[in-house]
Amino acid sequence: MCGNNNASPISHDGFTPTQQQYLADMLAQLDLQALFVTPPTAGAQDASAPQPVTIHGTPYEDLCREEVAKHETHPWDLWPKLRQHAQQSKMPDGTDLFMFKHHGMFNVAPAQPGYMCRLRIPACQMRGDQLIGLAELAESRAGGYAHLTTRGNLQIREIKPEHMVDVLHGLCDIGLTSRGSGADSVRNITASPSAGFDPDELIDLSSYAIELHHHILNTRDLHGIPRKFNISFDNGGRLSCVSDTNDIALLATEIISSESTTTEPGIYCRVLLGGITGHQDFARDSGYLLRPEHTVDACVAMLRVFIEHADRTNRKKARLKYVLDQHGLDWYIEQSQKHLTDINPNAQFIRVNNDAYQPRKPIDRQGHIGIHTQAQSDYRWVGLNLPVGKLTPVQMREIGRIAIDHGRNDVRLTVWQNLMIPWIPESQINAVVARIHAIGLTTHASAFAAGAIACTGKFGCKYASAHTKSHAEMLVDHLEQHIKLDSPINIHLTGCSHSCAQHYIGDIGLLGASTADGREAYQVFLGGGSDLEQGLARHLVGPVPADELPAFIEQIVQTYLDQREPDERFVAFTRRHDETQLRELFLPAETFA
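As the structure is a computational prediction, the values presented were derived from the model and not from experiment.

S.K.: What is the right way to read the pattern of salt bridges from this model?
M.R.: Oppositely charged side chains can pair when the atoms bearing their charge come close. Following the criterion strictly, the structure yields 39 salt bridges and no others. We note a salt bridge from Lys-70 to Glu-67, for which the minimum N-O separation is 2.8 Å. Placement of both Lys-70 and Glu-67 in helix H2 (residues 65-72) is noted, with a separation of 3 residues, approximately one turn of the helix. An identical accessibility class is assigned to Lys-70 and Glu-67; each is buried. Each of Arg-65, Glu-66, Glu-67, Lys-70, Asp-184, Arg-312 and Arg-315 takes part in one network of salt bridges that share partners.

S.K.: What am I meant to see in unusual backbone geometry here?
M.R.: Most peptide bonds take the trans configuration, and most residues that are not glycine carry a negative phi. Geometrically, the link from Ala-109 to Pro-110 is a cis peptide bond, its omega value of 5 degrees lying close to zero. Looking at the element boundaries, Pro-110 is found in the loop between strand E3 (105-107) and strand E4 (115-118). Each neighbour pair has its own omega, and for Gly-542 with Pro-543 the value is 0 degrees, a cis peptide bond. Within the element layout of this structure, Pro-543 appears in strand E23 (residues 538-545). We note that Ala-183 has phi near 55 degrees; this positive angle belongs to a residue other than glycine. Inspection of the secondary structure puts Ala-183 in the loop between helix H6 (164-173) and strand E8 (190-191).

S.K.: Sorry if this is basic, but what is going on with the nonpolar core here?
M.R.: The tendency in soluble globular proteins is for nonpolar side chains to be buried side by side. Of all hydrophobic cores here, the largest spans 52 residues; its most connected members are Ile-156, Leu-384, Ile-399, Leu-413 and Leu-419. The next biggest cluster of nonpolar side chains, apart from the first, holds 43 residues, and it includes Leu-205, Val-296, Val-300 and Ile-333.

Conventions we followed
Residues numbered from 1 in each chain as written. Predicted model: local features only at pLDDT ≥ 70, side-chain atom pairs only at ≥ 80, totals over all residues. Heavy atoms only, no water. Salt bridge = Lys/Arg side-chain N within 4 Å of Asp/Glu carboxyl O. Helix = DSSP H or I, 4+ residues; strand = E, 2+ residues; numbered from the N terminus. Buried < 20%, exposed > 50% of the residue type's maximum accessible area, 1.4 Å probe, protein only. Core = buried A, V, L, I, M, F, W, Y, C linked by side-chain atoms within 4.5 Å.

See the structure below:
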């Protein structure tokens, strides 16, 4: 309009719904909306009266306090306050506690002093030199360690307030960021850790995950969204990225010729929506496909529908699941298609029947640990066993150097709280394994250790009821000494109902609790799984005191081994028994009543 002297007065006719809402919000913030209000007709309300302010249809006075905070100050306008807090060595309070999380800075007091900083590692891929640089930051500006997360990500902790901005600068210097890693943001965008070298993958989707990461990072109105939002890209290969726990999951799928579909055979992405296992729901198959090259634009379109329609009054109902519950999958796709057409007129959601899908190949539940042959037969990927995801700076530096010296400067993080180094020539495997052992790590793990997941727990989280990481190590050590497994059993320990360690999808899920006399304890759940074994774990018993947990879990596993059918996995064994039968099997009448 600026270059057209004959432009007509401002009208909504030429704008998309998203642009209309953006203009309305901007005018409301500047208190200029009255300039563009049509003069009243006879009998109408006085146009000079204050106009009611709404945020995507929600009256301002009905907004929850977090929405008010984001409306008053966009998360990306916080930088002066971040600098001020660092200069004054001051920790945030009030709504600043929430707002600082948009920059990845979490005040975790009283569990720990200082900040926890969560990074963004798009597609779970980073360089060896970045890991070395992060080791330097962890050692000089934080507590001297890092934790891997269940979103293929990293955290550093115990950052003094005066060092907060130094850490943010340091991350930028090594090509990393923590922007949008917390609060109401699209969280770390995950992809299959074996993307690009998995012998069974249908397509490498990691480039789309990285493209979407940068698009979101550089689009102002895709920050400060109604609630956290998880997106994953699954290559359909051997390793899981637990795609069905995400708000949006793009799952590579082969479409075959079928009488029920006219869709051209080939590789597409199935669209799964609404996963949030903490609320006991997996992502649902929408019944639609996307061409891989359209996934980024489609994710942006789906995000915009979420932004327009999510609940801004009740944080507990603000996730995508509840938009879908209210309006339905087909409505959501229809609304998303409108936005997608605005973004890319050639892109569309494609309806397809389930019988057109080629079944997915089996998932290797221990493929993230050990030495494995890549699609490129002269190379191997090496999966390191990191006990409950902990790394020291010495270990981080050496892993980075191994990736540089023997690989392609490529490090992959997994949702199982470990990492992999790919592109190791077969002739150099022994040298790599020796270097890994020299820093106190291994490339092998028992069936218990490979599947043990633990959130930060009481060690570093104010919400947790138990020290999950130390209890996980104690539990794994005990089980390894007393039982030998021939198939993996995943044990997930989470400290609170936020379920960061996703206890509902563990073969055995443990939720932090406390006994009547105040001891740390756990609620016990059985039979969860994801992907091809999708299902929510069912409650067995609790609270079980933490110091009694190893013997109790040993008894459960031993009973399973004694009574299972030939080659029957733990998840299948538990699911063929109802809850009453499980209690009869695993609970002596006089114990844990």
